[in-house]
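The lines below spell out each chain.
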Amino acid sequence: MSTLTARFRPLFYPRGIVITGVSGHPGKFGSVAYHNLMACGYAGELFPVNREGAVCFGRSTYKTVGEVPHGRADLAFICTPNSVNEEILRACAQIGVRAAFVASAGYGESTEGKDMERRLVALGRELDLLIAGPNGQGLVSTGVGMCAQIVAPYPPPGPISVVSQSGNIASSFMNYACLTGIGMSKAISCGNSAALELADYLEYYSEDPDTEVSLAYLEGVADGRRFLDVARAHSARKPLVLVRGGVTDAGKRAASSHTGALASDARVFAGVCRQTGIARVETIEEAYETAAAFATQPLPRGPRTLIFTVAGGWGVLTSDACVQAGLELIPLPDDLRRKIDTMVPARWSRSNPIDLAGGETRDTVPEVLELMAAHADVDAVVYLGIGIQAAQANMFRGGPFWPEYGLERIGCFHEGQDRRYALAAAEASRRHGKPILVASELVYTDRAYGNAGPLGVTEAGRMTAPSGQRAIRTLARMVGYARWRARHT
Amino acid sequence: MPHTLSEHESKELLRAAGIDVPPEHLVQTTAAAVHAAETLGFPVALKLCGRRIAHKTEHHLVRLGLPDVAAVRRAGDELLATRRAEDGDTSLLVCRMVSGRREVIAGLVRDPVFGACVMLGLGGVFAEVVGDVVFAVAPLAGGDAEELIDALEYGTLLGPFRGEPAVDRAKLARILETLGRLGAERTDIRSIDINPLIVAGDAPIVVDALVEIEGNPS
């Protein structure tokens, strides 16, 4: 274990947690955190503290931190008013606590609290206590079942770790983890970043063996050079997906030079991302899709892309997006064309995008997926239109004739086929070490029904992009990162 | 107070740092300008040069493409006549005319968060209008300079284009790297503009430069 992972261990892998500010009132932050820790199945021991020893969720509480047995808790989740926190943190250190997440407000976010925040940082240093926050909404660590936060949700476990300068946006990312099933290892909201800031968490994630991809929401950079070094070292090991808010063109530099006049904050930061291999994404939803793709797909070796579709229009739009994103929409290799010629009627597209024009039979789609992934001139595949057969099956099910007239048999066959296609795409991708991104809006529109196509993609441990264009943009970010890695490591 | 070096001083600073700058002569009189022009070879450009003179084009203090002695004499007299008391010390700068259809701007600026940053932009004196400019935090290591060139949106303009050869990327990259090194080593430099950097044939040539220095002039 590196020094860094050892240092963060009490924060993300505590054996026990002291929670302060727990109350008989279930709406208080301390009670909510206590509730969430219990509800999500935290693996360690919990030590709720209430100054009156009130009963909370039918459980007794400790009146003071000092009553908590020594050496059993190494994290404190602080929800008490700022005025008592110094005393509480000293008591925590006495019983062996090594890290604290301070959720309490009233620190540097207000003018009056700035001094108290400085004292908090000094206290952390004095007590050798790792202090996260203050004024943050909490952290999760699925490795120990820890939902130490004052908000929902709790994400499923997985390889993505989040750090956010906004608590709400950390929640947004977690909501996408719940929606897609591509889960998280850790998530933390920085709060005021008094002692630990975004770059510190990223540095830790870059070394953390349970994190395969980091996902960050950034508004401000405290130390540009350190951010640059940390981001570069991170990207050299694993992908860093980043959304930046608060960038305007207003930040023109004070200089009488043309260079100064042209040096907007946005342009300089674009350069920083290019130099450090950061996969910069504009929106939360696409950032999550990108992180999920990094977490579940092999890295593309290059930009040579094949599009595979069961209908024309999707392929056309996705081809346009492919060219626009700087990916290479390759001419269909001759040997591939000849092979597919033997499999389907002549009306198929015979070019990239590969559009079978409805000529496929039972095994054609899995076979074509395999052929595409296996081909030496192909780096990546985008597969469009999964789930449309199952969608028709759903219409059969809801119609007046189900299950008569052979509808049940054909409906179940369709659903089975879409599931098979999803699994075949993932298998071919894994077998050949190439990304196959699957896209269909049915992942959203058919959620209530539970369309077998997108469900099959989830079963295969991957996610369905809601459109071909979004799959292409995700792929382009993967290609960009892979290229950076090849150049820099 | 930051102050700017004259065009000639700025170019000397770049030259000392290892950037190729074409030979030029700084003279005080029209007669000396004529002599310098004959030494350099026609056509020449003549500029009024001084620490307090920036943005010369806007103030009509540049005479380009002077083909012969008579033209240099006329231009020299005109430029000297435009001098005003507030221009401070001024001289005439005689440069060999550089022509090329492609211009870029290269520069250095200090970002308040990330520190020294190197810039490359298309369009030279029109860079602000074109808006295709890219930055990299200095120093530029490894392939950073090449990547900066590749990051331009319309970078194909620097490839083989309408009968012009591709720009010498290695030379351009070296200029960018040198700017980055100056940013890291010379903390007294507030900003640098090389504008324009004219692509003549395949070579990027420094045609004008402006270096801004922190603190009062020595």
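Reading guide: rules and limits
- The written sequence of each chain sets the order in which its residues are numbered from 1.
- Starting at A for chains and at 1 for ligands, labels are handed out in the order in which the entities are written.
- A pLDDT threshold of at least 70 governs which residues receive local features in this predicted model, and a stricter bar of 80 or more applies before side-chain atom pairs are shown or counted, although totals over entire chains, interfaces and linings include all residues.
- Here the side-chain values reflect all heavy atoms present in the structure, with hydrogen atoms and water set aside.
- Two strands pair if DSSP finds at least two bridges between them.
- To qualify as a helix, a DSSP run of H or I must reach at least 4 residues; to qualify as a strand, a run of E must reach at least 2; elements of each kind are numbered from the N terminus.
- For this analysis, residues touch if any pair of their heavy atoms sits within 4.5 Å.
- A fitted line through C-alpha atoms serves as each axis, taken over the contacting stretch for helices, and the angle formed by two N-to-C directions is quoted from 0 to 180°.
- Partly exposed describes any residue whose relative accessible area lies between the buried limit of under 20% and the exposed limit of over 50%, with all areas from a 1.4 Å probe on protein chains only and scaled to the type maximum.
- Handedness of a crossover: with both strands directed away from the viewer, a clockwise path from the first strand across the helix to the second marks it as right-handed.
- Side-chain atoms within 4.5 Å are what join buried Ala, Val, Leu, Ile, Met, Phe, Trp, Tyr and Cys residues into a set we call a nonpolar core.
- Put simply, angles under 35 degrees are roughly parallel, angles over 145 are roughly antiparallel, angles from 65 to 115 are roughly perpendicular, and the rest are oblique.
- Lys, Arg, Asp and Glu make up the charged group, whereas Ala, Val, Leu, Ile, Met, Phe, Trp, Tyr, Cys and Pro make up the nonpolar group; the residues left over, Gly among them, are polar.
- Reported buried area values correspond to the accessible surface (1.4 Å probe) lost by two parts on association, with both partners' losses combined.
- Salt bridge, as applied in this entry: a Lys or Arg side-chain nitrogen positioned within 4 Å of an Asp or Glu carboxyl oxygen.
- Any pair of N or O atoms that falls within 3.5 Å is considered a polar contact. Within protein, one atom must be able to donate a hydrogen and the other to accept it, and sequence-neighbouring residues count only if both atoms are side-chain atoms.
- Segmentation of the chain into domains, including their bounds, is taken from an automatic or database domain assignment.

1. Regarding the sheet that holds strand β11 (residues 240–244) of chain A
Residue and element names in this part refer to chain A.
And step 1. In spatial order, the strands read β7-β6-β9-β8-β10-β11-β12; together these seven strands make up an open sheet with mixed pairing. Sheet topology places β7 (146–149) and β12 (279–280) at the edges, where each strand pairs with a single neighbour.
And step 2. Bridge count for strand β8 (residues 157–164) against strand β10 (residues 213–218) is five bridges, and the pairing is parallel. Bridged to Ile 160 within β10 is Val 213.
And step 3. On top of the sheet, helix α1 (residues 3–12) reaches β6 (138–141), β7 and β9 (184–189); it is set at about 105° to β6, its chief contact.

2. Let's talk about the pairing of β10 of chain A
Looking along a regular strand, one sees the side chains alternate between the two faces of the sheet.
Residue and element names in this part refer to chain A.
And step 1. Burial of β10 is extensive: six of the six residues sit out of reach of the surface.
And step 2. Going residue by residue along β10, you find Val 213, Leu 215 and Tyr 217 tucked away on one face and Ser 214, Ala 216 and Leu 218 tucked away on the opposite face as well.
And step 3. Both β10 and β11 contribute to a ladder of five bridges, which runs parallel. Bridge pairing links Leu 218 to Arg 244 in β11.
And step 4. Taken together, β10, helix α7 (residues 224–237) and β11 constitute a β-α-β crossover, and its handedness is right-handed.

3. Considering the sheet that holds strand β4 (residues 62–66) of chain B
Residue and element names in this part refer to chain B.
And step 1. The four strands lie next to each other as β2-β5-β3-β4, forming an open sheet whose pairing is antiparallel. Either end of the sheet is taken by a strand with one partner, and the two such strands are β2 (24–27) and β4. The sheet shows a mean angle of 20° between the axes of neighbouring strands, direction not considered.
And step 2. Summarising the sheet, strand β3 (residues 44–49) and strand β5 (residues 91–96) pair through six bridges and their orientation is antiparallel. Paired with Ala 45 across the bridge in β5 is Cys 95.
And step 3. Most of the contacts of helix α2 (residues 30–40) go to β5, to which it runs at about 15°, and overall it touches β2, β3 and β5.

4. Observations regarding unusual backbone geometry
And step 1. Following Phe 42 of chain B, the chain continues into Pro 43 of chain B via a peptide bond in cis, with omega recorded as -5°.
And step 2. With an omega of 0°, the peptide bond running from Asn 195 of chain B to Pro 196 of chain B counts as cis.
And step 3. On the secondary structure map, Pro 196 of chain B appears in strand β9 (residues 189–200).
And step 4. At Phe 57 of chain A, a residue that is not glycine, the phi angle is positive and equals roughly 50°.
And step 5. Assignment of secondary structure puts Phe 57 of chain A in the loop between β2 (45–49) and β3 (75–78).

5. A closer look at the nonpolar core
And step 1. In terms of nonpolar packing, the biggest core is built from 61 residues, with Leu 11, Phe 77, Ile 188 and Phe 227 of chain A touching the most fellow members.
And step 2. The element that contributes the greatest number of residues to this core is helix α6 (residues 198–207) of chain A, accounting for six residues.
And step 3. In this structure, Leu 13, Ala 17, Leu 140 and Leu 158 of chain B belong to the second largest nonpolar core, which totals 38 residues.

6. Quick look at the environment of Glu 112 of chain A
And step 1. Inspection of the secondary structure puts Glu 112 of chain A in the loop between β4 (99–102) and α4 (114–127).
And step 2. Sequence separation between Glu 112 of chain A and Thr 309 of chain A is 197 residues, and the spatial gap between their C-alpha atoms is 60 Å.

7. Details of the packing of α1 of chain A against α6 of chain A
Residues and elements named next belong to chain A.
And step 1. It is the contact of α1 with α6, at a shortest axis distance of 10 Å, that shows an interaxial angle of 105°. By the angle between their directions, the pair α1 and α6 is classed as roughly perpendicular. Counting all contacts with α1, which are made through Leu 4, Thr 5, Phe 8, Leu 11 and Phe 12, the residues of α6 involved are Asp 200, Tyr 201, Glu 203, Tyr 204, Tyr 205 and Glu 207.
And step 2. Of the residues belonging to the contact of α1 with α6, the class tally is seven nonpolar, one polar and three charged.

8. Notes on the interface of chain A and chain B
And step 1. With 26 residues of chain A in contact, the opposing surface of chain B contributes 38 residues.
And step 2. Interface area, chain A with chain B, both sides summed: about 2,600 Å², of which 54% is carbon and sulfur.
And step 3. Of all residues in chain A, the largest losses of buried area upon contact with chain B belong to His 258, Thr 259 and Arg 274 of chain A, amounting jointly to 26% of the total for that side.
And step 4. Across the pair Glu 147 of chain B and Arg 487 of chain A runs a salt bridge whose closest N-O atoms are separated by 3.5 Å.
And step 5. At the junction of chain A and chain B, the tally comes to 13 residue pairs in polar contact (both at pLDDT 80 or more).

9. Thoughts on the domain arrangement of chain A
And step 1. By domain assignment, chain A separates into domain 1 (1–147), domain 2 (155–296) and domain 3 (298–488).
And step 2. The C-alpha centroid of domain 3 of chain A is placed 47 Å from the C-alpha centroid of domain 1 of chain A.

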